[in-house]
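Fold and geometry: a report
One-letter residues, chain by chain:
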Amino acid sequence: MKKMVSVFMTAILIAIPVTPAFALTNPDTVKEKAQEQASKIVSDYGASGLQYVIRDHGSIVLSGSAGVNDKATKSPITKDTMFGIGSVSKTYVSAATMMLADSKKIDIDKPLTTYIKDFKMADKRYKKITPRMLMNHSSGIYGSHYGNSFLFDDNDTKNHDELLVRLQSENLKSNPGEFSVYCNNGFQLLEILIERVSGLSYSEFLETYITKPLHLTSTKTPLHSFDRDRLIKTYFPGLNQALPVENTNVIGTGGLYSTAEEVTEFAEVLIGNRTDILSEKSAKAMQSHEYRKGVWVSEETNSVNYGLGWDAVRLAPFSDYGITALFKGGDTIMYHAALVTLPEHDITIAVLSSGGSGFYNSLAASNILLEYLRAKGIIKEILPEKTFEPPVKVDMPSDMLAYSGLYGSVGKTVKLEIKNGEIHLPDLALGGLPPQKYVYTGNGQFKNNDGNATISFDRAKNGKTYLKLNAYINYPGLGQSFSASYEFQKLDSNPLEQSMKKVWELRNGKIYYALDEKITSLLYLNKALVTKNISVDISHGYASGTKIVDKNKAVNVIQIPISNGRDAFDLNFYNENHKEYLKIDGQSYIREDAIPTINDGKGSLCIIPSDGKARWYKIDAKSANRVMNVETPVSGGFAVYDKNGMVVNFSKATNNHSVVLPEGGMIVFGGNVGDVFKINLKNR
C-alpha cells in the first residue's frame, strides 16, 4: 500500500521518570528525543495516536504517547491503551514454536508434514519444508493469502480454516531453503502446527503458556473476550468518524493486540531472560543469522537480515556501533508497530501507532534508543548521517551492455536499457526513490544524481541475475534509513503465438473486481485493494510480472530474496456465462466489461446470489450526482468509490446508508446469500 501522510494533532507526551538504578547523564535529552519523534509521526506521517516504552533490565524507564486515543473526545492515550501489533505477532508464534521444541514435542528441522499430516501442495518439493523454513521465510511458499483476513468487528476464521485446502493446488516459487523472502503464510502454518501438536487453539496456547505466566492482561487475539473500548480508535482519510474495530484474523502472522509495555515485557522472553517460558538456547537460536543460509546480498549492514521470526538480527545503524540489535516491524491496515531490542544490554523499545506505518515507527524507535544509549554512556556519540556528492560519470566497459534487457519483480516487468553509460529506472525502494537516471561511476556501479543510491548487477549462486540497490534515504524529522536489496530479476523473453497475443492483448489495462471478499473487510476502504489491474507485456510474453503459458494462465517466475519477491501469484482466467473471471490465490475477480450500470430508476433491488459473491455496479452519467438511499440488511453493506478509486462511503465503516453517487465511480454490495438491498435513487 502507498504511504499516506496527513496532519492529525498536536502531540501529548506522558513521561515516566528514569529510576536511579538506570540514572542517565542527561535524561531530559531522551525525553525530548522521544517527544520530538512521536510528535513528528503524528504531525507529518499519518498517525492519529502513538505509544512507546523503553524497558531496561526488566524495568520501564520511559513511557510516553503522542496524539489522541479518540479524536471526538480528545481523550489521551494511556499506558493501558491497546493497539494491534501486526507482524510483531510473528515473534510470538515463533517463540511458541520454539517452546514446543524445548519440550521435545517437535524438531524444527523435521518436515512440516511430520506434524501437519494433511499439509500438501501441488509442488512435490513441499515435503522438504520444515518449521525452521517457515520462521526464516525460506519455505518457497508464494507468500500471503489476504482474503477475508482484515475484518471490521468480525472474527471469522475462514482464512485460517481454509489455508491448507488452498495450498493443495499451489506451487512453490523456489526450492525450500534456497533463499529467504518475506512470507506471511509460513506463520499461519506455524499457528496450525502449534494447534495440532498442543491440542489447543492458538489463542488458548498463548493464554496458557505465555500471557498468563507473564501476567500480560492486555495481550489478546481477535478470538479472546476483552473490552474493545481499550483499543485506540482508528481513522481513514476521507471518512470523518472513528472506524469499527479491526480484527486481523491471520493471528499467527499479524493478529495480536497489546500495549507497548506488554510488548517489551514479552521481549524479555525473546532475549532469554524468562527461561521458565523459553530456554536461553532457543532464544539464541531465534537470533541466528538465518538469512545467510541462502541467496542474499553481500552487505552485512542492512535493515533486513532474517533470524527465526525476526526481520533483523543485525539491524543497522546499531551494527555500525558494534551493537547487536534485533528488530521486528508490523503493519495491518490500521495498526503499525516496531520492536527493537538489544540483547547484550537488556534494553528494549516498542513503538505502536494508529495510522502511520511500522517503518516510521522503526525509524523513531532507533533514534530514541540511540539517544538513550548515548545518555547512558554505552555509546560516546551518535554518528552523523551520511552525506553524498553528485556522481562523476566515467567511461563504461562495453560488457556492461549485456545487463540491458527485460527485468521483473512481483506484479510488473520493465525493459532496462543501458546506453552511453546511463540507465533510467522506475521508482525503487518501495517508492522511496522516484523514477530517475543513474550514471556509470566505475566498479560496475551506477549512481543517481544525488549520489545516495547505487545500483549494480549481481549474478547469484542460483543462476539468477539481479539488479541490486544500495540506498540511503532521508525522511524529514525521522532521519536516514539504509537498505541493500535486490529490486529486479533479469528475465528471458517469452515469445507468444499470434493467437495467444490476441487473447492477452484484450486483457491489457483491464480491471478485475473482487467477488469473494466479505463486506466487513477493511480492504473495501481502498478500491485498489479489491481490484486487480492487468498489465500485459505482449512483446515479451508477460502479464503483471507473471509468465504467460497459455491463453488463460500465467505463472510466477520471480525468485527475488528479501522482500521484492514476496506475495507472488499466478493468473488463472476462466469464462462463465460469457463473462470472464480471474482467479488469484483462490479468490475470484470479475472483468470490468461484465459489470452492469446501477439502475437509474426510482427503486430497484440488489440480491446477493446463491454463490454469495459480491455485486458490483458502474455509475454512469444518468445515475451520477443523484442521492442513493439503501435499505440495507443487518448482515449486508455497500461501498461507493469515485472515478479515482477513493472511497466516498463504506456503510460498514460509517453506518451511513445514503450517498451522492459520483460519475464514473463504482458501487459494491456484499452480504449473506439472499440478502436484499432496496435501492432508491432521487435527485438532490
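Scroll up for the structure.
Heads up: these notes are all about the structure in this document. (Residues numbered from 1 in each chain as written. Predicted model: local features only at pLDDT ≥ 70, side-chain atom pairs only at ≥ 80, totals over all residues. Heavy atoms only, no water.)

**Remarks on the pattern of salt bridges**
Enumeration according to the criterion identifies 28 salt bridges in this entry. D44 is the salt-bridge partner of K40, the closest N and O atoms lying 2.9 Å from each other. Residue K40 and its partner D44 are located together in helix α1 (residues 27-44), separated by 4 residues, close to a single helical turn. Across the pair R374 and E371 runs a salt bridge whose closest N-O atoms are separated by 2.7 Å. Pair noted here: R374 and E371 are both in helix α10 (residues 358-376), with a separation of 3 residues, about one helical turn. On the basis of relative accessibility, which here comes to 27%, the residue R374 falls in the partly exposed class. Here the salt bridges share partners, and the residues they tie into one network are R507, K510, E580, R591 and D593. (Salt bridge = Lys/Arg side-chain N within 4 Å of Asp/Glu carboxyl O. Helix = DSSP H or I, 4+ residues; strand = E, 2+ residues; numbered from the N terminus. Buried < 20%, exposed > 50% of the residue type's maximum accessible area, 1.4 Å probe, protein only.)

**Regarding the pairing of strand β26 (residues 579-584)**
When strand β25 (residues 571-576) meets β26, the two strands line up antiparallel, connected through 5 bridges. Bridged to E576 within β26 is K579. In this structure, the hairpin formed by β25 and β26 is closed by a connection of 2 residues, where N577 is found at a positive phi of approximately 50 degrees. Here 4 bridges tie β26 to strand β27 (residues 587-591), and the two strands are oriented antiparallel to one another. Opposite K583, over in β27, you have S588 as the bridge partner. Between β26 and the antiparallel strand that follows it, β27, lie 2 residues; D585 among them carries a positive phi value of about 50 degrees. (Pairing = 2+ DSSP bridges.)

**Concerning the side chain of S174**
Within the element layout of this structure, S174 appears in the loop between α4 (158-167) and α5 (185-198). Once residues lying within four places of it in the same chain are set aside, the contact partners of S174 are R125, G140, F179 and Q559. (Contact = heavy atoms within 4.5 Å.)

**Describing the packing of α4 against α5**
Where α4 contacts α5, the axes come no closer than 11 Å and their chain directions differ by 105 degrees. By the angle class used here, α4 and α5 are roughly perpendicular. Contact residues: N159, H160, L163, L164 and L167 in α4; N185, Q188, L189, E191, I192, E195 and R196 in α5. Its residues assigned to classes, the contact of α4 with α5 shows 5 nonpolar, 4 polar and 3 charged. (Axes fitted to C-alpha atoms, helices over the stretch in contact; angles between N-to-C directions. Parallel < 35°, antiparallel > 145°, perpendicular 65-115°, else oblique. Nonpolar A, V, L, I, M, F, W, Y, C, P; charged D, E, K, R; others polar.)

**A closer look at the packing of aromatic side chains**
Each aromatic ring pair is described using two quantities: the centre-to-centre distance and the angle formed by the ring planes. With the rule as written, the count across this model stands at 30 aromatic pairs. On the basis of an interplanar angle of 75 degrees and a centroid distance of 5.6 Å, the ring pair of W296 and Y306 is categorised as edge-to-face. Of the two residues, W296 is situated in the loop between α9 (280-286) and β7 (326-331) and Y306 in the loop between α9 and β7; the sequence distance between them amounts to 10 residues. Of the two residues, W296 and Y306, both sit in the buried class. Here the aromatic cluster, defined as three or more aromatic residues joined through ring pairs, consists of Y403, Y407, Y440, F446 and F457. When the ring centre of Y235 is taken as reference, the NZ or CZ atom of K71 above it lies at 4.5 Å. Across the ring face of F187, the terminal group of K90 is positioned such that the distance to the ring centre comes to 5.4 Å. (Phe/Tyr/Trp six-rings, centres within 6.5 Å; stacked < 30°, edge-to-face > 60°. Lys NZ or Arg CZ within 6 Å of the ring centre and 35° of its normal.)

**Quick word on the sheet that holds strand β13 (residues 422-425)**
One open sheet accounts for 9 strands, arranged β11-β10-β18-β17-β16-β15-β14-β13-β12; its pairing is antiparallel. Of all strands in the sheet, those with a lone pairing partner are β11 (412-416) and β12 (418-419), marking the two edges. In terms of strand pairing, strand β10 (residues 405-409) meets strand β18 (residues 479-490) through 2 bridges, oriented antiparallel. For G408, the partnering residue across the bridge sits in β18 and is Q489. Against the sheet, α10 engages β17 (465-475) and β18, with an angle of about 135 degrees to β18.

**Structural notes on the sheet that holds strand β28 (residues 603-607)**
On the basis of which strands lie adjacent, the open sheet formed by 4 strands has the order β28-β35-β30-β33 and antiparallel pairing. This sheet does not close on itself; its edge strands, each paired only once, are β28 and β33 (658-660). The sheet shows a mean angle of 25 degrees between the axes of neighbouring strands, taken without regard to direction. Two elements, strand β30 (residues 627-631) and β33, share 3 bridges in a ladder whose sense is antiparallel. Its bridge partner lying in β33, N629 is registered against S658.

**Quick look at unusual backbone geometry**
Here A316 and P317 are connected by a cis peptide whose omega angle stands at 10 degrees. Inspection of the secondary structure assignment puts P317 in the loop between α9 and β7. The phi dihedral of K104 is positive, around 65 degrees, even though this residue is not glycine. By secondary structure assignment, the location of K104 is in the loop between α2 (89-102) and α3 (131-135). Its identity is not glycine, yet I562 carries a phi of approximately 80 degrees, on the positive side.

**Details of the environment of F327**
Among the structural elements, F327 can be located in strand β7. A relative accessible area of 10% places F327 in the buried class. As for F327 and T91, which are separated by 236 residues in sequence, their C-alpha atoms are 9.9 Å apart. Aside from chain neighbours lying at most four places away, what touches F327 is S303, W310, D311, A312, L315, A338, L339, V340 and S362.

These values are about where atoms sit, not about what they do.
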